[in-house]
Amino acid sequence: MAEKKVILDHINDEGEQTLEVYQGHGGYKALEKAIKQMTPAQILEEVKISNLRGRGGAGFPAGVKWGFIKREALGPKYLICNADEGEPGTFKDRRVMTVKPHIVIEGIIIAAYCMGLDAGYIYIRGEFFEPYQAMDKAIDEAYAKGYLGKNILGSGFNFDLYTYLGAGAYICGDETALMNSLEGKRGMPRLKPPFPAQFGLYGKPTTVHNVETFSAVPSIIANGGKWYSDLGTSKSGGTKLFGISGHVERPGVYELNLGTPWKEFFEDIAGGVRGGKKLKAVIPGGSSTPVLLPHELEGMLLDYESIASRGSMLGTGAVIVFDETTDMVKVAWRAMKFYAHESCGQCTPCREGCDWFYDIFNRIYKGEGREEDLDKIENLSKFIGPNTICAFGDAFVTPALAFIRKFRSDFLEYIKKGKYGLKSGETSHA
Amino acid sequence: MDNMTNRTNEKTKTMNFSFNESSMNEFRRWEKKFPEDPAGRRSLVIPALWISQWQHGYISRDVINYVAEITQTEPLHVWGVATFYTLFKKEKTGKFLLQFCTNITCSLMGGDQVFVNTCKKLGVKAGETTRDGMFTAVEVECLGACGESPTLQVNEKYYTHMTDDEVEKLVADLRKMA
Ligand SMILES: Cc1cc2nc3c(=O)[nH]c(=O)nc-3n(C[C@H](O)[C@H](O)[C@H](O)COP(=O)(O)O)c2cc1C
Ligand code: SF4
Ligand code: FES
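Residues numbered from 1 in each chain as written. Chains lettered and ligands numbered in written order. Predicted model: local features only at pLDDT ≥ 70, side-chain atom pairs only at ≥ 80, totals over all residues. Heavy atoms only, no water.

Enquirer: Quick question: what am I supposed to make of the site of ligand 1 here?
Expert: All names here are of chain A. Among the 18 residues in the neighbourhood of ligand 1, the closest are listed as Gly-56, Lys-65, Asn-82, Asn-210 and Thr-213. Contact distances for ligand 1 include 2.6 Å between an oxygen atom and a side-chain N or O atom of Thr-213. Contact with the protein chains hides 89% of the accessible area of ligand 1, taken as 620 Å² for the molecule alone. Put simply, ligand 1 lies in the largest pocket. In terms of residue count, the dominant contributor to the shell around ligand 1 is strand S4 (residues 206–210) (3 residues). A per-class count over the shell around ligand 1 returns 4 nonpolar, 8 polar and 6 charged. (Near = heavy atom within 4 Å. Polar contact = N/O pair within 3.5 Å; in protein donor to acceptor, adjacent residues only side chain to side chain. Areas by Shrake-Rupley, 256 points an atom, 1.4 Å probe, with all protein chains shown as cover. 1 Å grid on protein atoms, 1.4 Å probe; cavity = no way out; pocket = protein on both sides within 12 Å on 5 of 7 lines; lining within 4 Å. Sits in = over half its atoms within 2 Å of the grid points. Helix = DSSP H or I, 4+ residues; strand = E, 2+ residues; numbered from the N terminus. Nonpolar A, V, L, I, M, F, W, Y, C, P; charged D, E, K, R; others polar.)

Enquirer: Whenever I open this one, the interface of chain A and chain B confuses me. Can you help?
Expert: The extent of an interface is frequently quoted as the accessible surface area lost upon association of the parts. Taken together, the contacts link 65 residues of chain A with 49 residues of chain B. At the junction of chain A with chain B, the criterion picks out 4 salt bridges. Between Glu-141 of chain B and Arg-334 of chain A there is a salt bridge whose closest N-O contact spans 3.0 Å. Scanning the region where chain A abuts chain B turns up 24 residue pairs in polar contact (both at pLDDT 80 or more). Where the side of chain A that touches chain B is concerned, the elements lending two or more residues are strand S2 (119–124), helix H7 (129–144), strand S3 (160–165), helix H8 (175–182), strand S5 (239–246), strand S10 (318–323) and helix H14 (328–342) of chain A. Top contributing element to the side of chain A that touches chain B by residue count: H14 of chain A, with 8 residues. (Contact = heavy atoms within 4.5 Å. Salt bridge = Lys/Arg side-chain N within 4 Å of Asp/Glu carboxyl O.)

Enquirer: Help me out: how do you make sense of helix H17 (residues 392–406) of chain A in this one?
Expert: For an α-helix, the turn length of 3.6 residues means that residues three or four places apart are oriented alike. Residues and elements named next belong to chain A. The end-to-end C-alpha separation of H17 is 22 Å, in line with the 21 Å expected for 15 residues at 1.5 Å each. Along H17, 11 of the 15 residues are buried, which leaves the element largely enclosed by surrounding structure. Among all positions of H17, only Phe-392, Gly-393, Ala-395, Phe-396, Val-397, Pro-399, Ala-400, Leu-401, Ala-402, Phe-403 and Ile-404 are buried. Buried residues in H17 make contact with strand S8 (279–283), H14, helix H15 (348–365), helix H16 (373–381) and helix H18 (408–417). (Expected span 1.5 Å × (residues − 1). Buried < 20%, exposed > 50% of the residue type's maximum accessible area, 1.4 Å probe, protein only.)

Enquirer: How do you make sense of the site of ligand 2 when you look at a structure like this?
Expert: Residues and elements named next belong to chain A. In the vicinity of ligand 2, the contacting residues are Ile-171, Pro-189, Ser-343, Cys-344, Gly-345, Gln-346, Cys-347, Cys-350, Thr-388, Ile-389, Cys-390 and Phe-392. Because more than half of its atoms lie within 2 Å of the grid, ligand 2 is assigned to the largest cavity. For the shell around ligand 2, the per-class residue count stands at 8 nonpolar, 4 polar and no charged.

Enquirer: Would you explain the pattern of salt bridges in this entry?
Expert: Summed over the entire model, instances satisfying the criterion amount to 29 salt bridges over all chains. One network of salt bridges, with partners in common, ties together Arg-55, Lys-92, Asp-93, Glu-212 and Lys-240 of chain A.

Enquirer: How should a nonpolar patch on the surface be read in this particular structure?
Expert: On the surface, a nonpolar cluster with roughly 250 Å² of combined accessible area is contributed by Phe-60, Val-64 and Phe-68 of chain A. With respect to the helices and strands, Val-64 of chain A occurs in helix H4 (residues 62–67). (Patch = residues over 30% accessible without salt bridge, like charges linked within 9 Å, V, L, I, M, F, W, Y side chains within 5 Å.)

Enquirer: Please clarify how the confidence of the model for chain A should be interpreted in this entry.
Expert: Low-pLDDT stretches of the model should not have their predicted coordinates read in fine detail. When the pLDDT values of chain A are averaged, the result is 95; 97% of them are 70 or greater. Confidence over residues 424–430 of chain A falls short of pLDDT 50; this stretch has 24 contacts with residues more than four positions distant or in other chains. (pLDDT = per-residue confidence, 0-100.)

Enquirer: Can you help me understand empty space enclosed by the protein in this one?
Expert: Gaps left between atoms are located by rolling a probe of water-molecule size over the structure's atoms. In this structure the tally under the stated criterion is 3 cavities of 30 Å³ or more. In this model, the largest cavity occupies a volume close to 80 Å³. Every residue lining the largest cavity is counted, 13 residues in all, and those nearest its centre are Cys-344, Cys-347, Cys-350, Cys-390 and Phe-392 of chain A. Class assignment of the residues belonging to the lining of the largest cavity gives a composition of 8 nonpolar, 5 polar and no charged. Around the second largest cavity, the lining residues are Pro-88, Gly-89 and Ile-320 of chain A together with Cys-101, Asn-103, Ile-104, Thr-105, Cys-106, Cys-142 and Cys-146 of chain B. (Points joined across faces, edges and corners; volume = space filled by probe spheres on them.)

Structure follows, in structure tokens:
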């Protein structure tokens, strides 16, 4: 199996970020087809058949989510494109937005037409200034062509699309925190229910998807839901973007059919471990997904179920590769430092828990660990995940447990040998 | 800060910051994105903070008051928002803000070491600014460019595959540019 370029098609072509070149490759044909030849119900049906699942991390079926929006409800309804891309290891959305912004926009307009939405916001993380400018430019082009604004393609359908710039907060990737941020507040997650489909942005019905999810929509409309579904497995339709980084020969963003064997991706396409070294471990879907050992990767397929059956998650498709020389205690320490920095602080178990976790990982890494520390992590972990407002609690607890369970001897060695971990001045500890 | 002078100067201080013409034009562009009601007005808090920072370099007390005024919110609310988001600078930084990613992949590829070495070469600690006011070096979380790590962001621009030598060259180039 090779790469299958649906979203990434023509991504390296000169000028692909312009409407003209995008259109020359068949861009906006799906939008014309959706608006001129299909009813909203027919579009929804194709998306359901396509088996497209949300690419933001949780994998919720898109067709089901679209079905939650009541078209006939009065008042404005909103769309949000989640371009906060903050999960460590993830770098796919930035690439799509910078090089192929029109595929995101085309997908958004089709979704908005299907659900009868009035306006949309692309929430771009503040660091992504270049993608933000690329999206703005593309949106202007789409307005000029009549793909956005009033009476789109003569259909009587009106839809406005705007960019928004975040300001540095991982937690704003959570859809409800994101909506609070868009409303000009601190980006703190909201309790669910009510769900965004009933009570979203400004309290109005709202649909949120990741950049990649919207980008899949044009191909589904152009080629049919069945075509898309057939690219993947019976439960996960289509292609998925995988970003592979770390100790790998050819790091980068690749698009693969869901269900592609891990071995083919890692060895044939990404070139295996860098410098012919041995593999130590892999994080399969971003830093919030539990680390996997080489034997757990045997026979694994790149789809939601196969990775879940090994106790981890497909997540955002952000694969981080560690070779045999990697200090996994340091990796775990750095991951926990991230979470301790990013908790929004409104739930006590999460706010205190991630600080405790970091304290413990930090003292082990500094060579001041105690023997009971690993048990302490195990015990603490039971009280965090189930008692928090958002999934952030689980996002640091499950990977922490995987690190200490799978690399127990490495941690014990640090604890036994003491002060050889953090060489003075190696990191700032800021 | 001296509280007395602060209080007496409050009114004049508020007048110390306001949007210049290009900032105002940018703000007008953002106004069109949101509903014309108090909730939509509040959505302008973060964009207004951005525009202020682009103009002024950081979020001062005057900026907070001004943003509250033009978004019809309370200074306390604006302050709460400004402190929640890490990209809003609460104090002046160097002309070039060197933001080194040291998250998992970048550290694996040596980025944490490049950060430490750069600090040493510049003679600053994390978060400090060089005496000539040119460079501030900070450690940041994943920048979403892990495939080309180690990643460095200087003001808005990304630089990838950073090594000690590359950073040294870049620092010299930036010095010349300034
Ligand atoms: C802590 C946290 C961070 C998240 N970060 C992101 C993100 O950066 N990008 C994203 O698309 N979804 C992120 N999500 C998931 C969103 O809440 C939401 O499920 C998603 O945007 C829905 O889009 P999808 O249906 O296309 O997956 C995050 C969730 C949590 C709990
Ligand atoms: S779980 Fe953590 S990040 Fe999520 S709402 Fe609670 S405190 Fe905030
Ligand atoms: S880990 Fe540094 S850019 Fe992602």
